[in-house]
Amino acid sequence: MATFVLVPGAWNGSWSFEAVVPLLERAGHTVHALTLTGLRPDDDNATIASANLDTHADDVVRHLDRHRITGATLVAHSYAGMVIAAAADRGRRQVARADHS
């Protein structure tokens, strides 16, 4: 089975994937849905203002490292296509595939 890391587009978070996560898990996959820095409900104004593409790519790579994920399939919506492209470049050993919708 696959390990999916779902990365939402701008102004969205892990809640964007509430409908799809259970479907993937029922099919036997491991699923991680992320909320990027600056998009979390409790982020302060300074965090929001300083978040950028590099921050978001680092969020994905840190998540892969923290959870010791290898062979991940990164799935992105909209803006996050750029995020997963940068993350895949930085975490080459951890990422098997990157898909953008």
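Residues numbered from 1 in each chain as written. Predicted model: local features only at pLDDT ≥ 70, side-chain atom pairs only at ≥ 80, totals over all residues. Heavy atoms only, no water.

Visitor: Help me get a handle on the sheet that holds strand β4 (residues 95-100), residues and values and all.
Guide: Adjacent strands of a sheet pair through backbone hydrogen bonds, lying either parallel or antiparallel. Spatially, four strands are ordered β2-β1-β3-β4 in an open sheet, and the strand pairing comes out parallel. Whereas interior strands pair on both sides, the edge strands pair on one side only; in this sheet they are β2 (30-33) and β4. The sheet shows a mean angle of 20 degrees between the axes of neighbouring strands, direction not considered. For strand β1 (residues 3-7) and β2, the ladder comprises four bridges, and the chain directions are parallel. The residue of β2 that forms the bridge with L6 is A33. Contacts from helix α3 (residues 53-66) reach β1, β2, β3 (72-76) and β4 within the one sheet, and its direction differs from that of β3 by about 150 degrees. The strands that helix α4 (residues 80-90) touches are β1, β3 and β4; relative to β3, the one it contacts most, it runs at about 155 degrees. (Pairing = 2+ DSSP bridges. Helix = DSSP H or I, 4+ residues; strand = E, 2+ residues; numbered from the N terminus. Axes fitted to C-alpha atoms, helices over the stretch in contact; angles between N-to-C directions. Contact = heavy atoms within 4.5 Å.)

Visitor: Break down the nonpolar core for me, with residues and values.
Guide: General note: in soluble globular proteins, nonpolar side chains tend to be found buried as a group. Judged by nonpolar contacts, the single largest core of 20 residues is most densely connected at V5, V7, V60, L64 and L74. Elements with a contribution of two residues or more to this core: β1, α3, β3 and α4. Of the residues forming this core, the biggest block, six residues, is contributed by α4. Residues in contact with L64, not counting those within four places in the same chain, are V5, I69, A72, L74, Q94 and V95. (Core = buried A, V, L, I, M, F, W, Y, C linked by side-chain atoms within 4.5 Å. Buried < 20%, exposed > 50% of the residue type's maximum accessible area, 1.4 Å probe, protein only.)

Visitor: I'd love a proper account of α4, names of residues and values included.
Guide: Of the residues making up α4, those classed as buried are A80, G81, V83, I84, A86, A87 and A88. Buried residues belonging to α4 abut β1, α3, β3 and β4.

Visitor: I'd love a proper account of unusual backbone geometry, names of residues and values included.
Guide: The backbone of R68 sits at a positive phi, close to 50 degrees, despite the residue not being glycine. Within the secondary structure layout, R68 lies in the loop between α3 and β3. In this structure, S78 takes a positive phi of about 55 degrees despite not being glycine. Mapping S78 onto the fold places it in the loop between β3 and α4. For S78, a relative accessible area of 41% corresponds to the partly exposed category.

Visitor: Which residues make up the pattern of salt bridges, and what values do they have?
Guide: Under the defined criterion, the tally for this structure stands at five salt bridges. Its salt-bridge partner being D54, residue R90 comes within 2.6 Å of it at the nearest N-O pair. Note that R90 is positioned in helix α4 and D54 in helix α3, a separation of 36 residues in sequence. What makes R90 partly exposed here is its relative accessible area of 38%. For D54, a relative accessible area of 44% translates into the label partly exposed. Put simply, R90 and D58 hold a salt bridge, and the shortest N to O gap is 2.6 Å. Of this pair, R90 sits in helix α4 while D58 sits in helix α3, and the two are 32 residues apart along the sequence. Within this structure, D54, D58 and R90 form a network of salt bridges that share partners. (Salt bridge = Lys/Arg side-chain N within 4 Å of Asp/Glu carboxyl O.)

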